[in-house]
Amino acid sequence: MTKEVAVLGAGMHPWGKWGRSFVEYGIAAAREALADAGLEWPDIGAIIGADTVRGGYPGYVSGATFAKALGWQGARVTSVYAACASGAQAIDAARAQILAGLADVVLVVGADAAPKGFFRPAGGDRPDDPDWLRFRILGATNPVYFGLYARRRMTQHGDTPDDFAQVKVKNSAMGALNPHARYRSRVTAEEVAASAVVADPLRLLDICATSDGGAALVLSSMEYARLHGQAEPVRIRAVSTVTPRYPNTVLDLPDIATDSAGAVEPPGETFRRSIARAAYEEAGVGPEDLSLAEVYDLSTALELQWYEDLGLCGEGEGVKLLRDGATSLGGRIPVNVSGGLASFGEAVPAQAIAQVCELTRQLRGVAGDRQVVGARVGITANQGLFGHGSAVIAVR
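Just so it is clear, the structure is predicted and the values come from calculations on it, not from any experiment. (Residues numbered from 1 in each chain as written. Predicted model: local features only at pLDDT ≥ 70, side-chain atom pairs only at ≥ 80, totals over all residues. Heavy atoms only, no water.)

S.K.: If you had to explain the overall build of the chain to someone new, which residues and values would you point to?
M.R.: In terms of helices and strands, the chain carries 14 helices and 11 strands. Scaling as 2.2 N^0.38, a compact globule of 396 residues should have a C-alpha radius of gyration of about 21 Å, and the chain matches this with 20 Å. Split into buried and exposed, the 396 residues of the chain put 59% on the buried side. Contacts in the chain between residues far apart in sequence, at least 24 positions, make up 75% of those at least 6 positions apart. (Helix = DSSP H or I, 4+ residues; strand = E, 2+ residues; numbered from the N terminus. Rg over C-alpha atoms; globule rule 2.2 N^0.38 Å. Buried < 20%, exposed > 50% of the residue type's maximum accessible area, 1.4 Å probe, protein only. Contact = heavy atoms within 4.5 Å.)

This is the structure we're talking about:
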């Protein structure tokens with residue numbers, strides 16, 4: 001178990017399609033996080049920016065971009081890109097600097113201004129880039145993979161499109177309670193079934209949108225937190241950023257073929273399960289200790305898979321967990337009480353940070369109508385393109 005770092009502040013810019021620069025969203029989130037921490041920007045010893053590849057050149061140097069927008073003050077700076085895991089990598093970099101004694105208090109910021117429709121690779125010819133290849137060879141957009149994940153569950157476990165729709169029903173009900181969510185209307189299973197097919201068996205309302213948004217955290221050493229009047233802050237106890245193991249036998253973005261297991265025995269767990277296991281081991285907790293989870297519901301089917309990958313239930317039992325109400329607010333282990341990506345959409349560099357913002361509010365007991373009663377331990381989980389693990393465990 002590693003040493004903990006304190007979460008002094010959390011801030012967000014509401015998700016939506018605002019048509020403005022990612023910098024504006026990030027700075028709004030940063031200022032809210034600083035105010036929440038009771039600190040000023042000159043108090044910050046380091047800033048970590050989660051990069052966006054859609055923001056032009058400044059997007060690739062987001063740490064310095066945010067620092068400049070806040071006002072140059074000499075802080076250490078780092079910029080991180082790991083696709084959808086960028087936020088977790090940024091949190092991990094901040095934690096490392098704090099535990100190394102390089103900075104007492106660090107600001108972590110991620111923001112994006114996403115395109116309309118699905119994400120696609122940047123321009124240019126890159127025949128050694130699997131993301132570029134899967135678009136050019138297969139024409140496989142992200143929703144194609146989401147459909148493959150869903151088909152796999154249908155074949156292996158007997159899941160149905162109506163089971164998938166119930167995930168959207170649950171998440172939309174919780175997103176309706178979240179003022180930062182983009183979509184704040186409850187959705188019925190009938191409305192999911194009536195929406196257009198995007199990647200069979202998934203329909204439009206089964207798949208998350210692309211969004212603009214921003215999120216920020218102020219992290220510090222435990223000593224700094226105590227000296228500034230926070231004796232019992234929310235603490236980050238683990239950050240998992242593991243990579244897959246060979247052979248990776250489950251097709252995953254952006255791969256277009258599985259690794260051969262003909263000569264090498266497959267690992268005993270999938271990549272996603274290894275992400276959670278590493279976090280549990282580092283934190284010294286298990287799924288039985290969790291109060292809530294925020295998971296990466298790119299699609300409704302993928303949320304069900306996370307239930308199993310996090311060990312919330314056995315393999316193939318995700319639908320039963322959902323149908324029993326265990327993952328709803330008031331259930332045994334609420335999942336995506338923020339509303340998840342179903343209610344927010346993807347703002348890639350911000351979303352892993354936003355997940356920790358939700359854990360922070362829940363563990364503080366200030367989440368309002370979506371509060372998980374008695375929340376003490378929470379986990380976030382997602383993954384980034386090219387095998388970037390992403391999970392954070394926070395405790396109170």
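S.K.: Describe in detail the sheet that holds strand β9 (residues 292–295), supporting the description with residues and values.
M.R.: Here we have 9 strands laid out as an open sheet, ordered β3-β2-β4-β7-β1-β8-β11-β10-β9, and mixed in their pairing. A single partner strand is all that each edge strand has here, and the edge strands are β3 (76–80) and β9. Within the sheet, the average angular offset between the axes of one strand and its neighbour, ignoring direction, is 25 degrees. Sheet topology places strand β2 (residues 46–50) next to strand β4 (residues 105–113); 5 bridges connect them, and they run parallel. Looking across to β4, one finds that Ile-48 is bridged to Val-108. (Pairing = 2+ DSSP bridges. Axes fitted to C-alpha atoms, helices over the stretch in contact; angles between N-to-C directions.)

S.K.: How would you explain helix α14 (residues 348–364) if you had to name every residue and give the values?
M.R.: Three or four residues apart is the spacing at which side chains of an α-helix point the same way, because the helix has 3.6 residues per turn. End to end, α14 covers 26 Å across 17 residues, agreeing with the expected 24 Å (1.5 Å per residue, within 8%). Among the 17 residues that make up α14, 16 are buried, leaving the element largely enclosed by the rest of the structure. A positive phi of about 80 degrees marks Gly-365, the residue just after α14. (Expected span 1.5 Å × (residues − 1).)

S.K.: Just give me the short version of the packing of aromatic side chains, but keep the residues and values in it.
M.R.: This structure, assessed with the given rule, holds 3 aromatic pairs. Taken together, a centroid distance of 5.3 Å and an interplanar angle of 80 degrees make the contact between Trp-15 and Phe-344 edge-to-face. A residue pair is termed long-range when its members are at least 10 positions apart, and Trp-15 in strand β1 (residues 5–16) and Phe-344 in helix α13 (residues 340–344) qualify at 329 residues. Residues Phe-118 and Phe-135 carry aromatic rings whose centres are separated by 6.4 Å and whose planes lie at 40 degrees to one another, so their mutual orientation is tilted. Of this pair, Phe-118 sits in the loop between β4 and α5 (130–138) while Phe-135 sits in helix α5, placing them 17 residues apart in sequence. What makes Phe-118 partly exposed here is its relative accessible area of 40%. With relative accessibility at 13%, the residue Phe-135 sits in the buried group. (Phe/Tyr/Trp six-rings, centres within 6.5 Å; stacked < 30°, edge-to-face > 60°.)

S.K.: Can you tell me about a nonpolar patch on the surface, naming the residues and giving the values?
M.R.: A grouping of Tyr-57, Tyr-60 and Val-61 is seen on the molecular surface, where their side chains present a nonpolar patch of about 340 Å² in accessible area. Mapped onto the fold, Tyr-57 is located in helix α2 (residues 57–60). Overall, the relative accessible area of 67% leaves Tyr-57 in the exposed class. (Patch = residues over 30% accessible without salt bridge, like charges linked within 9 Å, V, L, I, M, F, W, Y side chains within 5 Å. Areas by Shrake-Rupley, 256 points an atom, 1.4 Å probe, with all protein chains shown as cover. Salt bridge = Lys/Arg side-chain N within 4 Å of Asp/Glu carboxyl O.)

S.K.: Describe the environment of Lys-68, with residues and values.
M.R.: Examined against the element boundaries, Lys-68 turns out to sit in helix α3 (residues 62–70). Sequence separation between Lys-68 and Asp-200 is 132 residues, and the spatial gap between their C-alpha atoms is 45 Å.

S.K.: I'd like a rundown of the environment of Ser-390, residues and numbers included.
M.R.: Relative to the helices and strands, Ser-390 is located in strand β11 (residues 388–395). Note on Ser-390: relative accessible area 1%, which makes it buried. For the pair Ser-390 and Ala-64, spaced 326 residues apart in the sequence, the C-alpha separation amounts to 23 Å. Once residues within four sequence positions are removed from consideration, Ser-390 is found in contact with Ala-85, Ala-88, Ser-240, Ile-275, Ala-352, Thr-380, Ala-381, Asn-382 and Gln-383.

S.K.: Explain the packing of helix α6 (residues 142–157) against helix α11 (residues 300–309) residue by residue, including any values.
M.R.: The interhelical angle for the contact between α6 and α11, taken along N-to-C directions, is 55 degrees, at an axis separation of 9 Å. Looking at the two axes, α6 sits oblique to α11. As for how α6 packs across α11, the hand of that crossing is left-handed. Residues Tyr-149, Ala-150, Arg-153 and His-157 of α6 form the contact with α11, whose participating residues are Ala-301, Leu-302, Leu-304, Gln-305 and Glu-308. (Parallel < 35°, antiparallel > 145°, perpendicular 65-115°, else oblique. Left-handed = near helix turned anticlockwise from the far one by under 90°.)

S.K.: Lay out the environment of Gly-59 with the relevant residues and their values.
M.R.: On the secondary structure map, Gly-59 appears in helix α2. Sequence separation between Gly-59 and Val-144 is 85 residues, and the spatial gap between their C-alpha atoms is 27 Å.

S.K.: How would you sum up the pattern of salt bridges? Please name residues and give values.
M.R.: Side-chain pairs of opposite charge can arise where the charged atoms are in close proximity. Inspection of every chain in the model, using the stated rule, returns 23 salt bridges. The shortest N-O distance in the salt bridge between Arg-237 and Glu-4 comes to 2.7 Å. Here the residue Arg-237 occupies a position in strand β8 (residues 234–240), and Glu-4 occupies one in the segment before β1, the gap between them amounting to 233 residues. Neither Arg-237 nor Glu-4 differs from the other in exposure class; each is buried. With a closest N to O distance of 2.4 Å, Asp-200 and Arg-151 form a salt bridge. Taken as a pair, Asp-200 in the loop between β5 (197–199) and β6 (202–203) and Arg-151 in helix α6 lie far apart in primary sequence, 49 residues in all. Bridged by salt links that share partners, the residues Asp-252, Arg-272, Arg-273 and Asp-309 form one connected network.

S.K.: Can you lay out the state of the cysteines for me, pointing to particular residues and giving the numbers?
M.R.: A complete count under the given rule lists 0 disulfides for this structure. With no disulfide partner, Cys-208 has as its closest neighbouring cysteine sulfur the one in Cys-84, 8.4 Å distant. (Disulfide = S-S within 2.5 Å.)

S.K.: Break down the pairing of strand β7 (residues 212–220) for me, citing the residues and quoting the values.
M.R.: Extensive coverage of β7 is indicated by the burial of 9 of its 9 residues. Neither face of β7 is exposed, since Asp-212, Gly-214, Ala-216, Val-218 and Ser-220 on one face and Gly-213, Ala-215, Leu-217 and Leu-219 on the opposite face are all buried. Where β4 meets β7, 9 bridges bridge the pair, whose relative direction is antiparallel. Within β7, the position partnered with Val-109 by the bridge is Ala-216.

Function cannot be inferred from these measures alone, as they are strictly geometric.
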